[in-house]
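What follows is the residue order along each chain.
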Amino acid sequence: MSAEKTEALVIRVADFSESSRVVSFFTRDFGRTSALAKGGRRLKGPFEAALDLLAACRIVFLRKSSGLDLLTEAQLISRFRPSGKSLVGLYGGYYVAELLSGLTEEYDPHAALYDAAQSTLHRLAKEEEPKLAILRFELAVLREIGQLPALDACLVCGRSPEKGGTFAHWVSHGGLICRECSRDEYDSQRIAAGTVAALRRFSSEDESLADRMTVSAGQLEEMRRFTLAAISHVLGRRPKMHRYLK
């Protein structure tokens, strides 16, 4: 067994015994992993209360070829402390953990996604437009796991959204379909060309593009319906925490 060191975000905690816990992390260098934290339930245990949900910490773990890894060290960097004025920030943090747990694979590293998660939790803690912060994270997840729907043209005829008009999100095929090519039997949701342009900016790896944008409440809701449909398709179900984010 080799000892691995990395920064990590706690995305799930479950009791294992009277004194131990099983902790799921999303790490910067190794992606998602689960480890047994012996003594993790003790108030004065070896991890100094670093294993709270959504806490950021520096960890050392022994990687095993099968079964759970073994957590040996966890040093707290910061805790997720959203403002008490609104529950949207708190539920948004839980939603981030749910998406990281459900949409990523074990030992599949995504440093950009780790950074996006940390940035999102920081925005949610400060209540900087929480719904917009959540939208940006949803798009970052879809982009990083290779499931972001194609937004550049109609999947059938190649018509560009830049020409205007309305399109549909062809959920089952992961892209757009224009009004002329759309059929009632297709699993699709209508979306305006202007909203498509906003989605392209918000889903870019260049965060400065999104920082300079303002969107209407109607556009935001349209984009959130788009991301919910895409995420639900990949998960095979609606995310459990989404109902609390309305």
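To start, this report covers the structure provided alongside it.

**Thoughts on the overall build of the protein**
Here comes step 1: Helices and strands together make up the secondary structure of the protein, namely six helices and eight strands.
Here comes step 2: Each helix and strand of the protein, placed in order from N terminus to C terminus, yields the pattern β-β-β-β-β-α-α-α-β-β-β-α-α-α.
Here comes step 3: Radius of gyration (C-alpha) of the protein: 20 Å, near the 18 Å computed for a compact globule of 246 residues.
Here comes step 4: Reported as C-alpha extents along the three principal axes, the dimensions of the protein are approximately 65 × 40 × 30 Å.
Here comes step 5: Out of the 246 residues belonging to the protein, those deemed buried represent 46%.
Here comes step 6: In the protein, the proportion of contacts linking residues at least 24 apart, taken out of those at least 6 apart, comes to 57%.
Here comes step 7: Approximately 12400 Å² of the protein is accessible, and the part contributed by carbon and sulfur atoms is 46%.
Here comes step 8: Charge-centre separation for the protein: the mean point of 35 positive side chains lies 4 Å from the mean point of 31 negative side chains.

**A closer look at a positive patch on the surface**
Here comes step 1: Together, Arg12, Arg238, Lys240, Arg243 and Lys246 make up a region of like positive charge exposed at the surface.
Here comes step 2: The class of Arg238 is exposed, set by a relative accessible area of 51%.

**Considering the packing of aromatic side chains**
Here comes step 1: Enumeration over the complete set of coordinates arrives at two aromatic pairs.
Here comes step 2: Residues Phe30 and Phe61 carry aromatic rings whose centres are separated by 5.6 Å and whose planes lie at 85 degrees to one another, so their mutual orientation is edge-to-face. Taken together, the residues span a long stretch of sequence, with Phe30 in the loop between strand S2 (21-27) and strand S3 (31-37) and Phe61 in strand S4 (residues 56-63) at a distance of 31 residues. Pair check on accessibility: Phe30 and Phe61 agree, each one buried.
Here comes step 3: Seen from their ring centres, Tyr91 and Tyr244 are 5.1 Å apart, and the 40 degrees between their planes marks the pair as tilted. Of the two residues, Tyr91 is situated in helix H1 (residues 88-103) and Tyr244 in the segment after helix H6 (217-235); the sequence distance between them amounts to 153 residues.
Here comes step 4: Positioned above the aromatic ring of Tyr107 is the side chain of Arg63, whose terminal nitrogen or guanidinium carbon lies 3.7 Å from the ring centre.

**Some words on the pairing of strand S7 (residues 175-178)**
Here comes step 1: For strand S6 (residues 166-170) and S7, the ladder comprises four bridges, and the chain directions are antiparallel. Bridge pairing in S7 places Trp170 opposite Gly175.

**A short note on the nonpolar core**
Here comes step 1: Of all hydrophobic cores here, the largest spans 27 residues; its most connected members are Leu9, Tyr95, Val96, Leu100, Leu121, Leu124 and Phe137.
Here comes step 2: Among the elements of the structure, strand S1 (2-15), H1, helix H2 (111-126), helix H3 (130-144) and H6 are those that each provide at least two residues to this core.
Here comes step 3: With sequence-adjacent residues up to four places away left out, Leu9 is seen in contact with Ser24, Phe25, Phe26, Leu54, Ala55, Ala56, Leu100, Tyr114, Ala117, Gln118 and Leu121.
Here comes step 4: With 22 residues, the next largest nonpolar core counts Phe167, Trp170, Leu176 and Ile191 among its residues.

**Some thoughts on the sheet that holds strand S5 (residues 69-78)**
Here comes step 1: The five strands lie next to each other as S1-S2-S3-S5-S4, forming a closed barrel whose pairing is mixed. Averaged over all adjacent pairs, the angle separating strand axes in this sheet is 50 degrees, with direction ignored.
Here comes step 2: The pairing of S1 with S4 spans eight bridges and is antiparallel. Residue pairing for S4: Glu7 is matched across the bridge by Arg58.
Here comes step 3: Relative to the sheet, H1 contacts S1, S2 and S3, its axis offset from that of S1 by approximately 115 degrees.

**Some details on unusual backbone geometry**
Here comes step 1: With a phi close to 70 degrees, Leu54 is a non-glycine residue in the positive phi region.
Here comes step 2: Among the structural elements, Leu54 can be located in the loop between S3 and S4.
Here comes step 3: One non-glycine residue with positive phi stands out, namely Tyr107, at about 55 degrees.
Here comes step 4: The topology assignment puts Tyr107 in the loop between H1 and H2.
Here comes step 5: Of the residues examined, Tyr107 reaches a relative accessible area of 25% and is grouped as partly exposed.

**Things to note about H6**
Here comes step 1: An ideal rise of 1.5 Å per residue puts 27 Å on 19 residues; H6 measures up with 27 Å between its terminal C-alpha atoms.
Here comes step 2: All buried positions along H6 are accounted for by Leu220, Glu222, Met223, Arg224, Phe226, Thr227, Leu228, Ala229, Ala230, Ile231 and Ser232.
Here comes step 3: Residue Gly236 follows H6 closely and has a positive phi angle near 85 degrees.

**A look at the environment of His110**
Here comes step 1: Position of His110 relative to the elements: it lies in the loop between H1 and H2.
Here comes step 2: The exposure class of His110 is buried, given its relative accessible area of 13%.
Here comes step 3: As for His110 and Gly158, which are separated by 48 residues in sequence, their C-alpha atoms are 31 Å apart.

Calculation notes
Residues numbered from 1 in each chain as written. Predicted model: local features only at pLDDT ≥ 70, side-chain atom pairs only at ≥ 80, totals over all residues. Heavy atoms only, no water. Helix = DSSP H or I, 4+ residues; strand = E, 2+ residues; numbered from the N terminus. Rg over C-alpha atoms; globule rule 2.2 N^0.38 Å. Buried < 20%, exposed > 50% of the residue type's maximum accessible area, 1.4 Å probe, protein only. Contact = heavy atoms within 4.5 Å. Areas by Shrake-Rupley, 256 points an atom, 1.4 Å probe, with all protein chains shown as cover. Lys, Arg positive; Asp, Glu negative; His and termini not counted. Charge placed at Lys NZ, Arg CZ, Asp CG, Glu CD. Patch = residues over 30% accessible without salt bridge, like charges linked within 9 Å, V, L, I, M, F, W, Y side chains within 5 Å. Salt bridge = Lys/Arg side-chain N within 4 Å of Asp/Glu carboxyl O. Phe/Tyr/Trp six-rings, centres within 6.5 Å; stacked < 30°, edge-to-face > 60°. Lys NZ or Arg CZ within 6 Å of the ring centre and 35° of its normal. Pairing = 2+ DSSP bridges. Core = buried A, V, L, I, M, F, W, Y, C linked by side-chain atoms within 4.5 Å. Axes fitted to C-alpha atoms, helices over the stretch in contact; angles between N-to-C directions. Expected span 1.5 Å × (residues − 1).

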